[in-house]
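# Structural features, examined
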Amino acid sequence: MENKLREIRERVLSELEEARESSRLEQIRVGVLGKKGELTGLLRGMGKLPAEERPKVGQMVNEVRQVLEDALEQRQQELRAIEKDARLRAEAVDVTLPGPERSAGSLHPMNIALNRMIDVFVGMGYEVVEGYEVEYDHYNFELLNIPKNHPARDAQDTFYVDDNIVLRTHTSPVQARIMTTRKPPIRVISPGRVYRADEADATHSPVFHQMEGLVIDEHITMGDLKGTLDEFARQMFGEGISTRFRPSFFPFTEPSAEVDLTCANCKGQGCRMCKGTGWIEVLGAGMVNPKVLEMCGIDSKKYSGFAFGMGVERMALLKYNIPNLRYLYDNDLRFLTQYR
Ligand code: DAH
């Protein structure tokens, strides 16, 4: 019996020594200490021993059991430490390696130009207002003195939703909405998307952006319009850039002007961009037609006003010397992220 116990003890201790995984320890434990294990079997067999030997043998078995349990526990801790070490080594991160690069993103050049335009006018005391891209014929045309048979309504230009509703062809309907709902003094700008059934080319797109401006008060003159646009040109494009007014026609302004900016590329000397003229056409403007004031419920004897509408893409192209509208719409990040 003693020899048997010693044999079990030595064998199990060396098995523990050789075990390389904690799962192997469990196998060993079950084999010797489990319900059907070797030691447990010996204890069960004690009933066959003579009564006087039982306490001694029982004590020996328990001693061996204690030794093996302690050895198991110790080996368990060793193996856990080894396994943890191995895992840590496998999962090690080299914190000195450069991290993955994250791009910060950038504003679209058109939005940069638009933000600048808005800043300039807000700096002059204007309020930003919004209109609707899907608009009633009434505001897009009728209240702006564009009657039913006017060529600007030609189905070629206008996207009709139904007989009375269009995709707005310009931001000018915002003027009509503001004039019919507010009392002077009025000083607003309204940037936004507009739609025209144009073929896309270097200078045209069926969807583009405009910014409308409207000022109504007592004693507003064409001089105020000219001064305002000159100041805008200077702040937007720099010293030495001003405006030139050419007589024109819009149904909603009288008189009306086509407004040119000094070519920022050649400072008015004449170059390819301005086709040698030194000027670049950028916007339409004029004194709000008294007929429009009256239709919108504003007393044209007491009040006068000016209005203007400019292309936002146009401003971006000019500001950044971009030769083709396509660049703004192609979404090529290599191009777009150059602008900050
Ligand atoms: N709505 C005109 C267009 O789309 C631009 C314009 C011209 C707006 C004169 C105005 C204005 O407010 O007074 O071509």
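The structure reproduced in this document is the subject of the present report. (Residues numbered from 1 in each chain as written. Predicted model: local features only at pLDDT ≥ 70, side-chain atom pairs only at ≥ 80, totals over all residues. Heavy atoms only, no water.)

Moving on to the pairing of strand E10 (residues 304-311). Taken across its eight residues, E10 has six buried, putting it largely inside the fold. Both strand E6 (residues 207-217) and E10 contribute to a ladder of eight bridges, which runs antiparallel. The residue bridging Asp-217 from the neighbouring strand is Ser-304, located in E10. Pairing between strand E9 (residues 279-288) and E10: five bridges, direction antiparallel. What sits directly across from Gly-286, in E10, is Ala-307. (Buried < 20%, exposed > 50% of the residue type's maximum accessible area, 1.4 Å probe, protein only. Helix = DSSP H or I, 4+ residues; strand = E, 2+ residues; numbered from the N terminus. Pairing = 2+ DSSP bridges.)

Two faces make up the sheet, and in a regular strand the side chains alternate between them. The element E6 is largely enclosed, with a buried count of nine among its eleven residues. Sheet analysis places strand E5 (residues 186-195) next to E6, joined by ten bridges and oriented antiparallel. Residue pairing for E6: Ile-186 is matched across the bridge by Ile-216.

Looking now at the site of the ligand. Residues in close proximity to the ligand total 15 residues, the closest being His-170, Ser-172, Gln-175, Arg-196 and Glu-212. Here an oxygen atom of the ligand sits 2.7 Å away from a polar atom, N or O, in the side chain of Gln-175. At 2.8 Å, a side-chain N or O of Arg-196 approaches an oxygen atom of the ligand. About the coverage of the ligand: the protein hides 89% of its 350 Å² of free accessible area. Elements represented by at least two residues in the shell around the ligand include exactly E6, E9 and E10. Here the residues of the shell around the ligand are counted per class, giving five nonpolar, eight polar and two charged. (Near = heavy atom within 4 Å. Polar contact = N/O pair within 3.5 Å; in protein donor to acceptor, adjacent residues only side chain to side chain. Areas by Shrake-Rupley, 256 points an atom, 1.4 Å probe, with all protein chains shown as cover. Nonpolar A, V, L, I, M, F, W, Y, C, P; charged D, E, K, R; others polar.)

Taken as a whole, this structure holds eight aromatic pairs when the rule is applied. Their ring planes at 25° and their centres at 6.4 Å tell us that Phe-306 and Phe-308 sit as a pair that is stacked. Both residues of the pair, Phe-306 and Phe-308, count as buried. Through pairs of rings, three or more aromatic residues link up here, namely Phe-121, Tyr-126, Phe-232, Phe-306 and Phe-308. Directly above the ring of Tyr-139 sits Arg-177, whose terminal nitrogen or CZ lies 4.1 Å from the centroid. (Phe/Tyr/Trp six-rings, centres within 6.5 Å; stacked < 30°, edge-to-face > 60°. Lys NZ or Arg CZ within 6 Å of the ring centre and 35° of its normal.)

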